[in-house]
Amino acid sequence: MSELLSKYAAVVGEDVVDQLLGLARSLNGLKVVHVNSTRVGGGVAEILTKMVPLMQELGLDTDWEVITGDEQFYACTKTFHNALQGNPVVPTRSQLDAYEAVNAANADELRDTLRDADIVVIHDPQPAPLLGQIPERRGRWVWRCHIDLSRPHRPVWKYLYPHVSGYDGSIFSLSSFARRLPHPCYLIPPSIDPLADKNCDLPQEEIDAVRQQFNLDPDRFLVTQVSRFDRFKDPVGVINACKMVRRYVPGLQLVLAGGTATDDPEGAEVLREVQEAAGSDPDTRILLLPADAHRTINALQRASDIVLQKSTREGFGLTVTEGLWKGKPVIGGNVGGIRLQVHDHHTGFLVDTPEGAAVRMRYLLAHDHARQRMGTRAREFVRDNYLLTRHVTEYLALFHTVLEGRSERVEVA
Ligand code: UDP
């Protein structure tokens, strides 16, 4: 077993890594290409950064390509994102033209790579029209949708449908996210990488140093939400919830740590709204961290008593997985993939309102034992369900399926 695989085995057990190796054996040399629209920022980039090297280590010839666009393109895809999660918004005609033109231009750049790949995984709507641009493709193409499509704004879904219906299959994180499509739909929830800087164990001194760096008092409670500045993450709701809790827990510290993804044009505007809501409160820290501040985020999550993710819509919510993996109870919005991870009263609490978040924070901050008990369960729950090894196992099984037709068995011996 290679050094990297041995490190995974130490966290998840040798049997899990053996199964991965078994599935990978007959896929040796398979040409796999992932395509998305940003290399940093947001959950998809976070996953691919770790998944691609592990697939390579397992012998698959795996690449990751990123399409690039102009302002109109990103405005269009941000509107798609909002509309697909239910907002009644539609891109303008010129934005849709930019969407199609950018995909055509990227298809020209990527044509040789994509045409010859055995498997192409297209992530989210941004690069979805690439399929139609490369009719001479040889391999199997899968659309990996990370977004909750359960209640899309109809006109936008109607526009996107012809761009995604021609794929050989699609992947969703939860069954409730999927829409009816004329090809097989697979369910594969995301994961975190336990070996990554974002999630590895840290020495206590490093955690203390990050506390000091941001002037956080170790003798007072700290709650943290790590998120892009996006209204669906409800950062203002978090600020309001903490204001309510401070009536009973004076001095409660809140960190809202975020950055902007390069494909998210609304971030600056939301950040201004958040700063306004926080006002001059010295116990609310809004941190704008660079995209590679993984260890800092790791340390902030570990320094926290509770991790928050009070989203009002959420694909999966990797920050929830990250918080649980750090042994913290998570108070999360009762939506999307957060429901898969936060088991109410068990690994944390699901909430619908800032008031609900405040009640649960107050309870957890008053009960050390409950906090610790939930945190311990939280870590084990992630070990069993949401680490990268499980994720790649499911991808490899899916590759077997789409390559060999819908066979009932994959021989891994
Ligand atoms: N993240 C980060 N820096 C930030 C904000 C977020 O590194 O300033 C990371 C976060 O730790 C997580 C990912 O970006 O790994 C966000 O994924 P999630 O699924 O929670 O949300 P998305 O941004 O994809 O909606």
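A. The arrangement of the packing of helix α5 (residues 93-116) against helix α7 (residues 154-164) in detail. At their nearest, the axes of α5 and α7 sit 13 Å apart, and the two run at 10 degrees to each other. Between α5 and α7, the angle falls in the class roughly parallel. Across from L96, Y99 and E100 in α5, the residues of α7 making contact are Y159, L160 and H163. Its residues assigned to classes, the contact of α5 with α7 shows 4 nonpolar, 1 polar and 1 charged.

B. Main features of the nonpolar core. In this structure, L58, L60, V392, Y395, L396, L398 and F399 are the most contacted members of the largest nonpolar core, which totals 48 residues. When contributions to this core are tallied by element, the ones reaching two or more residues are α1 (3-12), α2 (14-25), α3 (43-57), β3 (119-123), α12 (318-325), α15 (368-385) and α16 (388-404). Beyond its immediate stretch of four places on either side in the chain, L398 contacts V142, I171, Y186 and I188. Counting residues in hydrophobic clusters, the runner-up holds 37 residues, among them A83, I134, F172 and L174.

C. Region of interest: the sheet that holds strand β2 (residues 61-66). Ordered in space as β2-β1-β3-β4-β5-β6, the 6 strands form an open sheet in which the pairing is parallel. Every other strand in the sheet has two partners, leaving β2 and β6 (185-187) as the edge strands with one partner each. Taking the axes of each pair of neighbouring strands and ignoring which way they run, one obtains an average angle of 20 degrees across the sheet. Relative to strand β4 (residues 140-144), β3 runs parallel, the two sharing 5 bridges. Looking at β4, one finds that V121 is bridged to V142. Of the strands in this sheet, β1 (31-36), β3, β4, β5 (169-172) and β6 touch α16, which is tilted by about 125 degrees from β3.

D. Region of interest: the pattern of salt bridges. For the coordinates displayed, the defined rule picks out 29 salt bridges. Salt-bridge contacts for K31 lead to D61; the nearest nitrogen and oxygen are separated by 3.7 Å. In this pair, K31 sits in strand β1 while D61 sits in strand β2, placing the two residues 30 residues apart along the sequence. Taking relative accessible area as the criterion, K31 reaches 18% and is therefore assigned buried.

E. Focus on the sheet that holds strand β12 (residues 348-351). Here 6 strands make up an open sheet; going across it, the order is β9-β8-β7-β10-β11-β12 and the pairing parallel. Each edge of the open sheet carries a strand with a single partner, namely β9 (284-288) and β12. Direction aside, the axes of adjacent strands within the sheet are offset by 20 degrees on average. Bridge count for strand β7 (residues 222-226) against strand β8 (residues 253-258) is 5 bridges, and the pairing is parallel. The partner of V223 across the bridge, within β8, is L254. Packed on one face of the sheet, helix α10 (residues 267-278) meets β8 and β9 and runs near 160 degrees to β9. Contacting β7, β10 (306-309) and β11 (330-333), α12 crosses the sheet at an angle of about 170 degrees to β10.

Analysis parameters
- Residues numbered from 1 in each chain as written.
- Predicted model: local features only at pLDDT ≥ 70, side-chain atom pairs only at ≥ 80, totals over all residues.
- Heavy atoms only, no water.
- Axes fitted to C-alpha atoms, helices over the stretch in contact; angles between N-to-C directions.
- Helix = DSSP H or I, 4+ residues; strand = E, 2+ residues; numbered from the N terminus.
- Parallel < 35°, antiparallel > 145°, perpendicular 65-115°, else oblique.
- Contact = heavy atoms within 4.5 Å.
- Nonpolar A, V, L, I, M, F, W, Y, C, P; charged D, E, K, R; others polar.
- Core = buried A, V, L, I, M, F, W, Y, C linked by side-chain atoms within 4.5 Å.
- Buried < 20%, exposed > 50% of the residue type's maximum accessible area, 1.4 Å probe, protein only.
- Pairing = 2+ DSSP bridges.
- Salt bridge = Lys/Arg side-chain N within 4 Å of Asp/Glu carboxyl O.

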